[in-house]
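A closer look at the structure
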Amino acid sequence: MKGNTRELLLKILEEKKGEWISGSALAREIGVSRNAVWKAARALEEDGHKIESQRQGYRLEPESSILSRQSIEKFLKTGGLYVEVQEEVTSTNTVLKQLAEQGAPEGTVLFARKQTAGRGRRGRNFFSPEETGLYFSILLRPKLRAEDALLITTCAAVAVAQTLERISGMLCGIKWVNDVFCGEKKVCGILTEASLNLESAELNYAILGIGINVFPPKEGFPEELSAIAGSALQTPVEDCKSRIAAGVLDAFWEEYPHLVEKRFLTEYRRRSIVTGKTVDVLRADAAPRRAEALAIQDDLRLLVRYEDGTEEAVGTGEVSVRVE
Ligand code: BTN
């Protein structure tokens, strides 16, 4: 079998999902024998793709929902992204960081169907079970000062919230600084990690990692997450994981060249579920302090007023907030 017969077959079957295509038409289009098409179809089935084969040919069943480069690219409108999907990795951020060090280009996007060591902010784990979530990282090489790196995360939060709202029909908000909520539950976390050039104080590269709970996990969320974590959809919508993946990539990639203009900030503020609320400002080395969240400043710090009337603009590096 030619190395890429499987890839090409999947591309054709994805684009015509649900339709029957004869073996000879497929063989002609790919430029291989019918036997090679048959072998490639078997290999795809072994990978979990639901392929039916009958006398009239082959078809990808409409409910086949395995995430693949082809299934995402089918919905992607943006150029300049190099999408790869792996079955299982430790953490897409960790693996993409290695690729970045080896010179991978900006726009490399790594998805994993499952992460065995997904990482969250503040050293936490990110629960990343198979089939029900989307876990991906985007390699960026922006000309950006280190102090502006938060623009990446916040812009991505807007891209996720807009996409999930469009596809789920549920209102999606953002909890400062980078958690996306659908209804009362957190459905997405974002972890941006960067390599810094100490001489120029600019980023060498950044890895934008996004984890979305698309469906409820088959065995439920672990107990420690169940009060806070939720999922964007309750029941499958055809191709929803691929649609969400492509939607987030398109929305982020459109804004990315304009990060420093902060065009997304109005939308970020509009979606904030923190401003106007009572919050607890949490610092690692101090007791929680009750405050009212007043506004998100242009520099993305959160302006709060404590109960004694003093105001402070808190940065995400120093504190997190708990909404009451
Ligand atoms: C958080 O909520 O604390 C951030 C979670 C970020 C999870 C994503 S999943 C894809 C990427 N790879 C990781 O290991 N983490 C991020």
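What counts and how
Residues numbered from 1 in each chain as written. Predicted model: local features only at pLDDT ≥ 70, side-chain atom pairs only at ≥ 80, totals over all residues. Heavy atoms only, no water. Axes fitted to C-alpha atoms, helices over the stretch in contact; angles between N-to-C directions. Helix = DSSP H or I, 4+ residues; strand = E, 2+ residues; numbered from the N terminus. Parallel < 35°, antiparallel > 145°, perpendicular 65-115°, else oblique. Left-handed = near helix turned anticlockwise from the far one by under 90°. Contact = heavy atoms within 4.5 Å. Nonpolar A, V, L, I, M, F, W, Y, C, P; charged D, E, K, R; others polar. Core = buried A, V, L, I, M, F, W, Y, C linked by side-chain atoms within 4.5 Å. Buried < 20%, exposed > 50% of the residue type's maximum accessible area, 1.4 Å probe, protein only. Disulfide = S-S within 2.5 Å. Pairing = 2+ DSSP bridges.

Some thoughts on the packing of helix 6 (residues 150-168) against helix 7 (residues 240-255)
Contact geometry for helix 6 and helix 7: axes closest at 8 Å, N-to-C directions at 140 degrees. With respect to helix 7, the element helix 6 is oriented oblique. By crossing handedness, the relation of helix 6 to helix 7 is classed as right-handed. Of the residues in helix 7, those in contact with Ile 152, Cys 155, Ala 156, Ala 159, Val 160, Gln 162, Thr 163, Leu 164, Arg 166 and Ile 167 of helix 6 are Arg 243, Ile 244, Gly 247, Val 248, Ala 251, Phe 252 and Glu 255. Tallied by class, the residues present in the contact of helix 6 with helix 7 amount to eleven nonpolar, three polar and three charged.

Details of the side chain of Lys 17
With respect to the helices and strands, the residue Lys 17 is situated in the loop between helix 1 (5-15) and helix 2 (23-30). Once residues within four sequence positions are removed from consideration, Lys 17 is found in contact with Leu 60, Glu 61, Pro 62, Ser 64, Lys 74, Glu 238 and Asp 239.

Regarding the nonpolar core
Of all hydrophobic cores here, the largest spans 68 residues; its most connected members are Phe 111, Ile 212, Phe 252 and Tyr 268. Other than its neighbours up to four places away in sequence, Phe 111 contacts Leu 67, Ile 72, Val 83, Glu 84, Val 85, Gln 86, Thr 92, Leu 134, Tyr 135, Phe 136, Ala 245 and Leu 249. Core analysis: the next-biggest nonpolar cluster, separate from the first, contains 17 residues, Leu 13, Ala 40, Tyr 58 and Leu 60 among them.

Describing the environment of Cys 240
Tracing the backbone shows Cys 240 in helix 7. Look at Cys 240 and you get buried, because its relative accessible area is 5%. Residues Cys 240 and Val 281 lie 41 residues apart in sequence; the distance between their C-alpha atoms is 36 Å. Non-local contacts of Cys 240, meaning those with residues more than four positions away in its chain, are made with Phe 215 and Leu 233.

Looking at unusual backbone geometry
For residues other than glycine, phi is negative in most cases, and the peptide bonds are mostly trans. The peptide bond linking Trp 176 to Val 177 adopts the cis configuration, its omega dihedral lying at 10 degrees. The residue Val 177 is located in the loop between strand 6 (172-175) and strand 7 (179-182) in this model. One non-glycine residue, Ala 201, lies in positive phi territory at about 60 degrees. Relative to the elements of secondary structure, Ala 201 occurs in the loop between strand 8 (185-197) and strand 9 (202-213). The exposure class of Ala 201 is partly exposed, given its relative accessible area of 39%.

Section: the state of the cysteines
Across all of its chains, the model carries zero disulfides by this definition. Left without a disulfide partner, Cys 155 is nearest to the cysteine sulfur of Cys 188, which lies 13 Å away.

Observations concerning the pairing of strand 4 (residues 108-115)
Within strand 4, seven of the eight residues are buried, which leaves it mostly tucked inside the rest of the structure. As paired strands, strand 3 (residues 82-89) and strand 4 are joined by seven bridges and run parallel to one another. Bridge pairing in strand 4 links Gln 86 to Ala 112. Two elements, strand 4 and strand 5 (residues 133-140), share four bridges in a ladder whose sense is antiparallel. Considered in strand 5, the bridge of Leu 110 is made with Ser 137.

Some words on the sheet that holds strand 9
In sheet architecture, strand pairing relies on hydrogen bonds along the backbone and comes in two forms, parallel and antiparallel. Here seven strands make up an open sheet; going across it, the order is 3-4-5-9-8-7-6 and the pairing mixed. Unpaired on one side and paired on the other, strand 3 and strand 6 mark the two borders of the sheet. Each adjacent strand pair in this sheet contributes to an overall mean axis angle of 20 degrees, direction not counted. The pairing of strand 8 with strand 9 spans ten bridges and is classified as antiparallel. Among the inter-strand pairings, Ala 194 is bridged to a residue of strand 9, identified as Ala 206. Here helix 5 (residues 92-101) sits on the sheet and contacts strand 3, strand 4, strand 5, strand 8 and strand 9; the angle it forms with strand 9, its principal contact strand, is near 155 degrees. In the packing of helix 6 onto the sheet, the strands contacted are strand 5, strand 6, strand 7, strand 8 and strand 9, and the crossing angle to strand 9 comes to about 30 degrees.

Here's the deal with the packing of helix 1 against helix 3 (residues 34-46)
Taken N-terminus to C-terminus, the directions of helix 1 and helix 3 make an angle of 80 degrees; their axes are 9 Å apart at the nearest point. Our classification of the angle between helix 1 and helix 3 gives roughly perpendicular. The segment helix 1 lies against helix 3, with Thr 5, Arg 6, Leu 9 and Leu 10 engaging Ala 36, Val 37, Ala 40, Ala 41, Ala 43 and Leu 44. Considered class by class, the residues forming the contact of helix 1 with helix 3 number eight nonpolar, one polar and one charged.

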